[in-house]
Amino acid sequence: MPTKVIAVANQKGGVGKTTTAVNLSACVAALGRRVLLFDLDPQANATSGIGLEKVEGASAYRSLLGDGALQDKVKPTAYENLQIIPSEVDLCGADFELARAENHLQRVSIALQPLVESGFVDLILIDCPPSLGVLTLNAFAAADGVLVPLQCEYFALEGISMLNRIMGQLHQNNVNPGLELTGVVMTMYDGRTKLSQQVVSEVRQHFGERVFETMIPRSTRLAEAPSFGKPIIHYDKYSPGSAAYELLAQEFLARLDKPVEQPAQIATPTAA
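Residues numbered from 1 in each chain as written. Predicted model: local features only at pLDDT ≥ 70, side-chain atom pairs only at ≥ 80, totals over all residues. Heavy atoms only, no water.

Regarding the packing of helix α5 (residues 107-118) against helix α6 (residues 134-142)
Inclusion rule: Helix axes are fitted only over the stretch in contact, all axes being lines through C-alpha atoms; the angle between N-to-C directions runs from 0 to 180 degrees. In this description a helix means any DSSP run of H or I spanning at least four residues, a strand means any run of E spanning at least two, and both kinds are numbered starting from the N terminus. Oblique is the label for any angle not covered by the other classes, which are roughly parallel (under 35 degrees), roughly antiparallel (over 145) and roughly perpendicular (65 to 115). Each crossing gets its hand from how the near helix is turned against the far one by less than a right angle, where anticlockwise is left-handed and clockwise is right-handed. Two residues form a contact once any of their heavy atoms are found within 4.5 Å.
Their axes nearest at 7 Å, the elements α5 and α6 cross at an angle of 50°. The orientation of α5 relative to α6 falls into the category oblique. The way α5 lies across α6 gives a crossing that is right-handed. Seen from α5, the contacting residues are R107, V108, S109 and L112; seen from α6, they are N138, A141 and A142.

Topic: the nonpolar core
The line we're drawing: Take the buried residues of types Ala, Val, Leu, Ile, Met, Phe, Trp, Tyr and Cys, join any two whose side-chain atoms come within 4.5 Å, and each joined set is a nonpolar core. Buried, partly exposed and exposed residues are distinguished by accessible area as a fraction of the type maximum, computed with a 1.4 Å probe on protein chains only: under 20%, between the cut-offs, and over 50%, respectively.
F38, L112, I126, F140, M186 and V203 are the most contacted members of the largest nonpolar core, which totals 50 residues. No other element matches α6, which puts six residues into this core. Residue contacts for L112: discarding those within four places in its chain leaves V5, F38, L70, I124, I126 and A142. One finds I6, C27, L123 and L125 within the second-largest nonpolar core, a separate group that totals 35 residues.

A short note on helix α11 (residues 240-257)
Quick reminder of the rule: Helix span is expected to be 1.5 Å times the residue number reduced by one.
Under the 1.5 Å per step criterion, the end-to-end length of α11 is 26 Å for 18 residues, consistent within 8% with the ideal 26 Å. Of all the positions in α11, only G241, S242, A244, Y245, L248, A249, E251, F252, L253, R255 and L256 are classed as buried. Residues of α11 that are buried sit in contact with β1 (4-8), α1 (17-30), β5 (123-127), β7 (180-187), α9 (220-224) and α10 (232-235).

Some points on the sheet that holds strand β2 (residues 35-39)
Heads up, the condition is: Here the rule is simple: two strands pair whenever DSSP picks up at least two bridges between them.
Read across the open sheet, the seven strands follow the order β3-β4-β2-β5-β1-β6-β7; overall the sheet is mixed. Taken across any chain shown, the strands that pair with only one partner, and hence form the sheet edges, are β3 (75-76) and β7. As defined by bridge partners, β1 adjoins strand β6 (residues 145-151) across three bridges and the pair is classed as parallel. From the neighbouring strand, V8 faces β6, where its bridge partner is L147. Strands β6 and β7 of the sheet are contacted by helix α8 (residues 194-207), whose axis makes an angle of about 170° with β7.

Notes on the side chain of S63
Here S63 shows up in helix α3 (residues 61-64). Classification of S63 as buried rests on a relative accessible area of 6%. Beyond its immediate chain neighbours, meaning those up to four positions away, S63 contacts G68, A69, L70 and K73.

A closer look at the pattern of salt bridges
Any two side chains of opposite charge can pair, on the condition that their charged atoms come close. To keep it simple, the criterion reads: Salt bridge, as used here: a side-chain nitrogen of Lys or Arg that lies within 4 Å of a carboxyl oxygen of Asp or Glu.
The full count for this structure, using the stated rule, is 13 salt bridges. Linking D122 and R34 is a salt bridge whose minimum nitrogen-to-oxygen distance equals 2.9 Å. Residue D122 is found in the loop between α5 and β5, and its partner R34 is found in the loop between α1 and β2; the two are separated by 88 residues along the sequence. The exposure class assigned to R34 is partly exposed, which follows from its relative accessible area of 34%. The salt bridge involving R62 is made with D67; its shortest N-O contact spans 3.5 Å.

Description of the packing of α1 against α11
Applied cut-off: When residue character is reported, Ala, Val, Leu, Ile, Met, Phe, Trp, Tyr, Cys and Pro are called nonpolar, Asp, Glu, Lys and Arg charged, and the others, Gly included, polar.
At a closest axis distance of 9 Å, the pairing of α1 and α11 adopts a crossing angle of 75°. Here α1 is positioned roughly perpendicular relative to α11, judged by the angle of their axes. Judged by residue contacts, T19, T20, N23, L24, C27 and V28 of α1 engage Y245, E246, L248, A249, F252 and L253 from α11. In the contact of α1 with α11, the residues fall into eight nonpolar, three polar and one charged.

This is the structure:
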């Protein structure tokens, strides 16, 4: 199978985007796939969440500007089959620098190309910033698909229409005509509340098979794990959060190996 590039994105913060990027990466790696987690968020939470320090000059920033190869930024982690391109605060300047650069939407794609073509890993997961700025657009231009974590609250539905519009523009402008919605992951689910159930029902009504069956529960252990620099399966393997991400990894890989039929146009839910 050729290397797949998946952007994990939602312009709204606090929806479990980085938690999903880190834990899905670790669980897919535990299933034997070679995974590269690309931290493209200047906050660098995926970097610290996987157990690495934020080191000056370690991010992709210089490589995206044409100064050095991106593969030189790849670092090992403590976990088998899982490597990372870390982030640090210098990526904050990338939005401004890339906007003035030639081929400004293709910089991540160009930088990743040698890694993708080499078959170095099976999967590259890009943790995007919580915005639709130049870095996120670069991730979309480089990706085969977009994975959207969506919190089980009505306010979390806001912005999905903008994300879909951006993906449509990338199609129409031939920036990345092959980009598709890999799926929507419902996060922070609490089955005891009617609100969570209603939000899931509404999202499934609009996105159909694009919504993963596996839902990520609201979990104290999931919230604790990043402070120890560990994915949940290595922090508390027998917790509900760990079980959920292990199931999500299996469902995610099944979808990558045999994608569900892409609808001609994805309807967008409106926030209440």
